[in-house]
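Overview (structure and organization)
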2 protein chains.
Amino acid sequence: MSRLSLNTATINRADLATALDVTVKAGIPAVGLWRKPVQDVGLAEAAARVADSGLRVSSLCRGGFFTAVAGPVRQAALDDNRRAIEETATLAAAGAPGSAAVLVLVPGGLPPGDRDLPGARERVAEAVAELAPVAEAAGVTLALEPMHPIYAADRGVISTLGQALDIAEAVTGVGVVIDTFHVWWDPDLPRQIARAGRAGRIAGFQVGDWITPFPADALLARGLMGEGHIDFPAIVEQLDEAGYRGDIEVEIFRREIWDADPRVVAERVVDAFRVAVEG
Amino acid sequence: MSRLSLNTATINRADLATALDVTVKAGIPAVGLWRKPVQDVGLAEAAARVADSGLRVSSLCRGGFFTAVAGPVRQAALDDNRRAIEETATLAAAGAPGSAAVLVLVPGGLPPGDRDLPGARERVAEAVAELAPVAEAAGVTLALEPMHPIYAADRGVISTLGQALDIAEAVTGVGVVIDTFHVWWDPDLPRQIARAGRAGRIAGFQVGDWITPFPADALLARGLMGEGHIDFPAIVEQLDEAGYRGDIEVEIFRREIWDADPRVVAERVVDAFRVAVEG
């Protein structure tokens, strides 16, 4: 429980004040924030509320979406990532000791009509390299998120932990975030987790289960730990052996959970974490 | 066009006679057969009809589904695969010259309640090793199919071409079938296709597109070539450079296509093949 963080996407109907209150009342010590509820109240006000909550901040979600070819769309994406880096630094500074200034990067999908997947992947690497010194100057770690191959076309062209590490290791100050939902199937996962640990590149760890049958909306196909097919104790142990000691964020995109009372969801998250992750 | 094969799953409402007739009338020279329409008329009658059609047989779909732990379920699966090997030999012998005695193997998912993915994968390797001498004696090539990670839990625990090759190369007479829908996202794909070619292990090539948004039924999430995000000319070229000269099967699982007149579907397959695959 001391490492549990509630990613606010799990209770996405809640505004920032509610999200922080629900997290504290459930006895969860940390929170993973999303930019939208932060921007809804403004960064300064959000930072003040985070400070008042006494919670650690484990990450800000999210930057990225930088697969566009050179031009105004790409420039706007990079500018937005620069703002996200500043927000990350401010929120982490406002959080309780142990907060992590980590910005999660979702790579983005293929540009419309574009079938050049290697090209889009190359542009992700270029964007990460361009943003890395900006993040370093702000004391922020960029955390590239490999996404399940189901999202390769429309959401995240980086499909494996190994591929994310190839990009991260090419520059300083860039890590990866390992989300069980995205990587659990990968036969190379244990080896890549060990590699990430050796390289000191594990910037975040998120948990969510893979459920079947696969729901109608592919974006909402996640379950609480224990509801699906993922062997959480095995992956938690691999992260442990790799030396990761940071927070473990519970991030669940699922209609049924989004529709429930955030207080009830936070309690269910605590129960699922205890049973499936603590073992 | 000379290498085009219509996999009958694409016109799955059609009985065997209709499927063969539709294929011939569309000018398609080969057919990939499924066991169900064959069994509906009986193997001897099916072989006679295939012979009458003058079509090549490019594969029989499918064996596999052998992830169960030791016991009667596993034994039944292995017995069924032995029957499928015999069917493959008979049908390929009935097909026109150039027919391939290839049995496609879909690995199967995690047993109910089982979260041990490495264990299930190990049992696939064991089943393949047990069946390989049976297939070799019958002159049949087993073709293990790596499946998109979206199916890792419930349908196919072998998730990458590299993983399938690791299993295939451990025994003689076993190859892989490369289906664009399943492998297009893999950053390691070009290297693994080249490896498969060098090892002489490419036993089949199937094409189907990845479409978005992902449809409600994950099993029916495929499109005709050109409807989605896959760069077919690039993958076709990789297969070509790897020395693959066999048939190219069009296999599309999709409600809209299944509901259409098989004759119209066969014509659409020819058009899509010309545009997206021949380039």
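As shown above, the structure is provided for reference.
Residues numbered from 1 in each chain as written. Chains lettered and ligands numbered in written order. Predicted model: local features only at pLDDT ≥ 70, side-chain atom pairs only at ≥ 80, totals over all residues. Heavy atoms only, no water.

Remarks on the overall build of chain A
Secondary structure assignment for chain A yields eleven helices and ten strands. For chain A, whose C-alpha radius of gyration is 17 Å, the value lies close to the compact-globule estimate of 19 Å for 279 residues. Principal-axis analysis of the C-alpha atoms gives chain A an extent of 45 × 40 × 40 Å. Here chain A, with 279 residues, has 61% of them falling under the buried criterion. In chain A, 80% of the contacts between residues at least 6 apart in sequence involve partners at least 24 apart. A total of about 10,100 Å² of accessible surface is found on chain A, and carbon and sulfur atoms cover 53% of it. (Helix = DSSP H or I, 4+ residues; strand = E, 2+ residues; numbered from the N terminus. Rg over C-alpha atoms; globule rule 2.2 N^0.38 Å. Buried < 20%, exposed > 50% of the residue type's maximum accessible area, 1.4 Å probe, protein only. Contact = heavy atoms within 4.5 Å. Areas by Shrake-Rupley, 256 points an atom, 1.4 Å probe, with all protein chains shown as cover.)

Let's talk about the sheet that holds strand β10 (residues 248–250) of chain B
Residues and elements named next belong to chain B. Reading around the circumference, β1-β2-β3-β4-β5-β6-β7-β10 is the order of the eight strands in this closed barrel, with parallel pairing throughout. Strand-to-strand twist across the sheet, computed as the mean angle between neighbouring axes with direction ignored, equals 30°. Sheet topology note: the strand β5 (residues 141–144)/strand β6 (residues 174–179) ladder contains three bridges and is parallel. Residue pairing for β6: Ala143 is matched across the bridge by Gly175. Of the strands in this sheet, β6 and β7 (202–207) touch helix α9 (residues 232–241), which is tilted by about 170° from β7. (Pairing = 2+ DSSP bridges. Axes fitted to C-alpha atoms, helices over the stretch in contact; angles between N-to-C directions.)

Things to note about the pairing of strand β6 (residues 174–179) of chain A
Residue and element names in this part refer to chain A. By the criterion of burial, β6 is predominantly enclosed, with six of the six residues buried. Residues Val174, Val176 and Ile178 line one face of β6 and the alternating positions Gly175, Val177 and Asp179 line the opposite face, and both faces are buried. Read as a crossover between parallel neighbours, the route from strand β5 (residues 141–144) over helix α6 (residues 161–168) to β6 is right-handed. Bridging between β6 and strand β7 (residues 202–207) involves four bridges; their strand directions are parallel. The residue bridging Ile178 from the neighbouring strand is Phe205, located in β7. (Right-handed = clockwise from strand over helix to strand, strands pointing away.)

Overview of unusual backbone geometry
Residue Arg62(A) is bonded to the preceding Cys61(A) through a cis peptide linkage, with omega at 5°. In this model, Thr212(A) is joined to Pro213(A) through a cis peptide bond whose omega is -5°. Checked against the element boundaries, Pro213(A) lands in the loop between β8 (209–210) and β9 (222–223). Despite not being glycine, Phe65(B) has its phi angle at roughly 50°, a positive value. Looking at where Phe65(B) falls in the secondary structure, it is placed in the loop between β3 (56–64) and α4 (72–94). For Phe65(B), a relative accessible area of 34% gives the class partly exposed.

Notes on the relation of the copies chain A and chain B
Rotating chain A by 180° and moving it 0.0 Å along the rotation axis overlays it on chain B with an RMSD of 0.0 Å. Seen this way, the second copy is the image of the first under a two-fold rotation axis. Closest to the rotation axis within chain A is the C-alpha of Ala216(A), separated from it by 1.9 Å. Mapped onto chain B, 100% of the interface residues of chain A again fall at the interface, so both copies present the same surface. (Least-squares fit on C-alpha atoms with pLDDT ≥ 70 in both.)

Focus on the interface of chain A and chain B
Of the residues lining the interface, 28 residues belong to chain A; the matching set on chain B comes to 28 residues. Here chain A is connected to chain B by six residue pairs in polar contact (both at pLDDT 80 or more). Taken together, the residues of the side of chain A that touches chain B break down into 15 nonpolar, eight polar and five charged. (Polar contact = N/O pair within 3.5 Å; in protein donor to acceptor, adjacent residues only side chain to side chain. Nonpolar A, V, L, I, M, F, W, Y, C, P; charged D, E, K, R; others polar.)

Side note on helix α4 (residues 72–94) of chain A
Helix length check: α4(A) (23 residues) gives 33 Å between terminal C-alpha atoms against 33 Å at 1.5 Å per residue, within 8%. Every buried residue of α4(A) is listed here: Arg74(A), Ala77(A), Leu78(A), Asn81(A), Ala84(A), Ile85(A), Glu87(A), Thr88(A), Ala89(A), Leu91(A), Ala92(A) and Ala94(A). (Expected span 1.5 Å × (residues − 1).)

Brief notes about the packing of aromatic side chains
Any two aromatic rings considered together are summarised by their centre-to-centre distance and by the angle between their planes. Residues and elements named next belong to chain A. Applying the stated rule across the entire model yields 16 aromatic pairs over all chains. The interplanar angle of 35° and the centroid separation of 6.2 Å between the aromatic rings of Trp184 and Trp210 together place this pair among those described as tilted. Note that Trp184 is positioned in the loop between α7 (180–183) and α8 (189–198) and Trp210 in strand β8, a separation of 26 residues in sequence. Summarising the burial analysis for this pair, Trp184 and Trp210 share the class buried. (Phe/Tyr/Trp six-rings, centres within 6.5 Å; stacked < 30°, edge-to-face > 60°.)

Describing the sheet that holds β7(A)
Residue and element names in this part refer to chain A. Taking strand neighbours around the barrel as the criterion, the eight strands line up as β1-β2-β3-β4-β5-β6-β7-β10 in a closed arrangement whose pairing is parallel. Strand-to-strand twist across the sheet, computed as the mean angle between neighbouring axes with direction ignored, equals 30°. Pairing analysis gives three bridges linking strand β1 (residues 4–7) to strand β2 (residues 30–34), with the strands arranged parallel. Counted as the bridge partner of Asn7 is Gly32 from β2. The strands touched by α6 are β5 and β6; relative to β6, the strand with the most contacts, the crossing angle is about 165°.

Considering α8(A)
Listing the buried residues of α8(A) in full gives Leu189(A), Gln192(A), Ile193(A), Arg195(A), Ala196(A) and Gly197(A). Remark: Gly200(A) follows α8(A) within two positions and exhibits a positive phi of approximately 65°.

A word on the nonpolar core
Judged by nonpolar contacts, the single largest core of 189 residues is most densely connected at Trp184(A) and Trp184(B). Discounting chain neighbours no more than four positions away, the residues touching Trp184(A) are Leu189(A), Trp210(A), His229(A), Ile230(A), Ile235(A), Leu110(B), Leu117(B), Ala152(B) and Ala153(B). (Core = buried A, V, L, I, M, F, W, Y, C linked by side-chain atoms within 4.5 Å.)

Notes on the environment of Val236(A)
Residue and element names in this part refer to chain A. Mapping Val236 onto the fold places it in helix α9 (residues 232–241). On the accessibility criterion, Val236 (17% relative accessible area) is buried. When the C-alpha positions of Val236 and Val140 are compared, they lie 25 Å apart, and in sequence the two are 96 residues distant.

A short note on the side chain of Thr160(A)
Here Thr160(A) is to be found in the loop between β5 and α6. Among the polar contacts made by the side chain of Thr160(A), one reaches the main-chain amide nitrogen of Gln163(A) at a distance of 3.1 Å. When residues no more than four places from it in sequence are discounted, the contact partners of Thr160(A) are Pro146(A), Trp185(A), Asp186(A), Trp185(B) and Pro187(B).

Examining the pattern of salt bridges
Applying the stated criterion to the full structure yields 44 salt bridges over all chains. Among the salt bridges present, the one from Asp188(B) reaches Arg191(B), with a minimum N-O distance of 2.8 Å. On the accessibility criterion, Arg191(B) (56% relative accessible area) is exposed. Among the charged side chains, a network of salt bridges with common partners joins Arg35(A), Asp80(A), Arg83(A) and Glu87(A). (Salt bridge = Lys/Arg side-chain N within 4 Å of Asp/Glu carboxyl O.)

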